[in-house]
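Inside the fold
Single-letter residue listing:
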Amino acid sequence: PRPEQCPEQRRAADIIRLLSLYRPLLDAFVIDFFTEGLWAQLPPAWQPALASATPAQLAGLLGGRGGPGAAWPLSLLAFAAAARALAFPRGCPGGSPRPPCQSSRLHPLLRRHVKPKKQHEIQRLGKLLQRLSQATGCERVVDIGAGQGHLSRFLAFGLGLSVTAVEMESDGRLVGLAERFDQELLRELGKTRGPGHRGPPLHPLTPRAPQHVAGRLDPAAPWGEFLLPPEPPGPAARNPLGGLGGSEDGGQVLVTGLHACGDLSPALLCHFARSPAVAAVALAGCCYMKLSTAPQPPGCTLGYPLSASVAALPGHQLSYRAREAGCHALEEFEGRLRRGSPHLRAHCYRAVLESLIRAADPGKRHLGLQPGRKAHALSFPQYAHLGLPLAGLDPAGVPLDSGAVGAMLEQQHKVVAFCTLGQLLAPAVETLILLDRLLYLREQGFQCALVPLFNPRFSPRNLVLVAARTPLATVLAGLDKDSEDED
């Protein structure tokens, strides 16, 4: 008899069964819509309903809130309901589709050089780390992949934590920029309120600047050798995590990464599991398509799958396209459907362009073309005149006004419907990847949880994995209320 599975293991197994049933849909590239005849590969019972659906009806299918006059086949409704039920809740996407231009919860000096989306993220993640600090008695934070240091600056100046910011670059440009921003803030630290501030009084800043370190991280190295000098080697980088016993004076650290890319998140989780130097971690991942999927050498566990539980499930493998789909922006796409946004035509434009490129040169496929951010505002000939040269083709030699091109452009509604089906599966893919990380930590005996920390309407990678060596109940209690108050 098989051992009893925990709810997370059962959910992972159910997601894998769902993805296995619809793997051709999951692995399909929308730009191959015409070249690979993707519409004909859909279940025949779905095709008439999807072909006649309005964008608003597709939005209802995607969001589970119904659509005006939609009559879907039961098998399609079951598919959509299963995909929604198996995905982790992403929080309530209330309010504006964009964050306010300035966060009233951040000190004006901490808003400088910070885009609204990032203000929202650093404020939420910073408060979570403050709770972790209080629960663990640990005031040292190591911010991995710190970039320009916006999160580190809030943790240090705003919350009074001791912060080391690590940026993995070779030229030191971001570290230099972060240090310059620190110096700007220090020069004006006498100002506790900025002009025009509204809302509750802001906590005064502390003169405690973060320490910035340029280096690279070796995921396979022992914890004490985790931070290496940059490439090409420069001055020896001092490991902010110290030796195997912890930081420089033997204490522990909290480790965080705001949208740690690809293998970086699993690497940090592995090091947390190996080393008592790390009291807790709080990670928001991204760029799942960059995860390693090949078998790892003994003693080095990276990428996907990370846990023994998921690795033992038949069919757990995820293709590059599936992992890329996990980096969805579900709420944004649903909003465009409900508004009938002209942005939707860009999907059809790119699929038609792919067909023209393949007809002109069959050896060219899936090129990373970027004809412009406002492609939806162009006519197709204008779009093609920008895109074809990027593929090394002369637009003068490609028939852009042929009947075949016109027939493909008339199928825009089908391309959008096909995109919607992929969007339905995307949250389940992300859930499987994050479940794998959570199960890995559970297998090591740690307390962990997944928290929808950011507003998904403007921060799609909003699920933060929190893990600690102590119970997390006090950290997570009231976290939702904090978010409501901030909103």
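What comes next concerns the included structure. Quick caveat, the model's predicted, so the values are computed rather than measured. (Residues numbered from 1 in each chain as written. Predicted model: local features only at pLDDT ≥ 70, side-chain atom pairs only at ≥ 80, totals over all residues. Heavy atoms only, no water.)

1. What about the overall build of the protein?
The test is simple: Strands here mean DSSP runs of E at least two residues long; helices mean DSSP runs of H or I at least four residues long; both are numbered from the N terminus. Burial status follows relative accessibility: with a 1.4 Å probe on protein chains alone, a residue under 20% of its type maximum counts as buried, one over 50% as exposed, and anything between as partly exposed. Contacts are assigned to residue pairs with any non-hydrogen atoms lying within 4.5 Å of each other.
Along the protein, the regular secondary structure elements total 19 helices and nine strands. A burial count over the protein gives 53% of its 487 residues as buried. Counting contacts in the protein only where the partners sit at least 6 residues apart, residues at least 24 apart contribute 73% of the total.

2. Some thoughts on the sheet that holds strand β7 (residues 278-286)
Applied cut-off: Here the rule is simple: two strands pair whenever DSSP picks up at least two bridges between them. For every element, the axis is a line fit to its C-alpha atoms; helices are fit only across the contacting stretch, and the angle between N-to-C directions ranges from 0 to 180 degrees.
Reading across the sheet, the seven strands line up as β3-β2-β1-β6-β7-β9-β8 and stay open at both edges, with mixed pairing between neighbours. Of all the strands in the sheet, the pair left with one neighbour each is β3 (211-214) and β8 (447-452). Taking each pair of neighbouring strands and ignoring which way they run, the sheet shows an average axis angle of 15°. The pairing of β8 with strand β9 (residues 463-468) spans six bridges and is antiparallel. Along β9, the bridge assignment pairs A449 with V466. Relative to strand β6 (residues 253-261), helix α7 (residues 116-136) is tilted by about 155°, and along the sheet it contacts β6, β7 and β9.

3. Describing unusual backbone geometry
The linkage connecting Y304 with the following residue, P305, adopts the cis geometry, with an omega of 0°. Look at H113: it is not a glycine, yet its phi comes out positive at around 65°. With respect to the secondary-structure elements, H113 resides in the loop between α6 (108-111) and α7. With relative accessibility at 43%, the residue H113 sits in the partly exposed group. A positive phi is found at H366, a non-glycine position, where the angle reads about 55°. Along the polypeptide, H366 turns up in the loop between α14 (345-360) and α15 (380-390). We classify H366 as partly exposed; its relative accessible area is 27%.

4. A few points about the packing of helix α13 (residues 330-339) against helix α17 (residues 412-443)
In plain terms, the rule: Under this scheme an angle from 65 to 115 degrees is roughly perpendicular, one under 35 degrees roughly parallel, and one over 145 degrees roughly antiparallel; angles in between are oblique. By definition, turning the near helix anticlockwise from the far helix through less than a right angle yields a left-handed crossing, and turning it clockwise yields a right-handed one. For this scheme, ten residues count as nonpolar: Ala, Val, Leu, Ile, Met, Phe, Trp, Tyr, Cys and Pro. Four count as charged, namely Asp, Glu, Lys and Arg, and the remainder, Gly too, count as polar.
At a closest axis distance of 10 Å, the pairing of α13 and α17 adopts a crossing angle of 150°. In terms of their interaxial angle, α13 and α17 are classed as roughly antiparallel. Between α13 and α17 lies a crossing of left-handed hand. Residues L330, F333 and L337 of α13 form the contact with α17, whose own contacting residues are V416, C419, T420, Q423 and P427. Residue classes in the contact of α13 with α17 are distributed as six nonpolar, two polar and no charged.

5. So, the state of the cysteines
Using the following cut-off: Any two cysteine sulfur atoms lying within 2.5 Å of each other are counted as a disulfide.
Inspection of every chain in the model, using the stated rule, returns zero disulfides. C448 forms no disulfide, and the closest cysteine sulfur to it belongs to C6, at a distance of 9.8 Å. For C448, a relative accessible area of 9% corresponds to the buried category.

6. Thoughts on the packing of α7 against helix α8 (residues 150-158)
Helix packing for two helices is described by the angle between their axes and how far apart those axes are. In contact at an axis separation of 9 Å, α7 and α8 are set at 45° when each is read in the N-to-C sense. One way to sum up the angle between α7 and α8 is to call them oblique. Classified by chirality, the crossing of α8 by α7 is right-handed. Residues K118, I122, Q123, L125, G126, K127 and L129 of α7 form the contact with α8, whose participating residues are H150, L151, F154 and L155.

7. Digging into the side chain of Q119
Using the following cut-off: Throughout this description, a polar contact denotes any pair of N or O atoms lying within 3.5 Å of each other; where both atoms belong to protein, one of them has to be capable of donating a hydrogen while the other can accept it, and for residues adjacent in sequence the pair is counted only when both atoms sit in side chains.
With respect to the element layout, Q119 can be found in helix α7. Among the polar contacts made by the side chain of Q119, one reaches the main-chain carbonyl oxygen of V114 at a distance of 3.0 Å.

8. Brief notes about the nonpolar core
So the rule is basically this: Working definition of a nonpolar core: buried Ala, Val, Leu, Ile, Met, Phe, Trp, Tyr and Cys residues. They are joined through side-chain atoms within 4.5 Å. Domain segmentation is taken from an automatic or database assignment of domains.
In this structure, L50, F79, F380, L421 and L441 are the most contacted members of the largest nonpolar core, which totals 101 residues. Sort the elements by how many residues they give to this core and α17 lands first, with 18 residues. When residues of this core are assigned to domains, at least three fall in each of domain 1 (7-91 + 329-424) and domain 2 (108-190 + 203-235 + 249-315 + 427-482). Those residues in contact with L441 that lie beyond four places of it in its chain are L269, F272, F446, C448, L465 and A467. Ranked by size, the runner-up nonpolar core spans 37 residues in total, among them L106, F157, L453 and A468.

9. Concerning helix α5 (residues 74-86)
Our working rule: What a helix should span is 1.5 Å times the count of its residues minus one. What the arc measures is the spread of directions leading from the helix axis to the C-beta atoms.
With 13 residues, α5 should cover 18 Å at 1.5 Å per step; its first-to-last C-alpha distance of 18 Å lies within 8% of that length. Those residues of α5 that sit buried are L76, F79, A80, A83 and L86. Along α5, the residues classed as buried sweep out an arc of 145° about the axis, all on the same side. Along α5, the residues that are exposed and aim more than 90 degrees away from the buried face are L74 and A85. Looking at the buried positions of α5, the neighbouring elements they touch are α1 (7-21), α2 (23-27), α3 (47-51), α4 (55-63) and α17.

10. Some details on α13
Inspection of α13 places L330, E331, F333, E334, G335 and L337 among the buried residues, and these make up the whole buried set. Against α4, α14 and α17 lie the buried residues of α13. G340 occupies a position one or two residues after α13 and carries a positive phi of about 60°.

11. Things to note about the packing of aromatic side chains
Where we set the bar: To pair, rings of Phe, Tyr and Trp, with the six-membered ring standing in for Trp, must have centres within 6.5 Å; the planes then decide the type, stacked if under 30 degrees apart, edge-to-face if over 60, and tilted in the middle. Only lysine NZ and arginine CZ atoms are considered, and such an atom sits over a ring when it is within 6 Å of the ring centre and within 35 degrees of the ring normal.
For the coordinates displayed, the defined rule picks out 10 aromatic pairs. Ring geometry for Y349 and Y383: centres 5.2 Å apart, planes at 45°, overall tilted. Here Y383 lies in helix α15 and Y349 lies in helix α14, a separation of 34 residues in the sequence. An identical accessibility class is assigned to Y349 and Y383; each is buried. Note that R321 overlies the ring of F29, its terminal NZ or CZ placed 5.7 Å from the centroid. Sitting above the plane of the F272 ring, R469 keeps its charged end 4.7 Å from the centroid.

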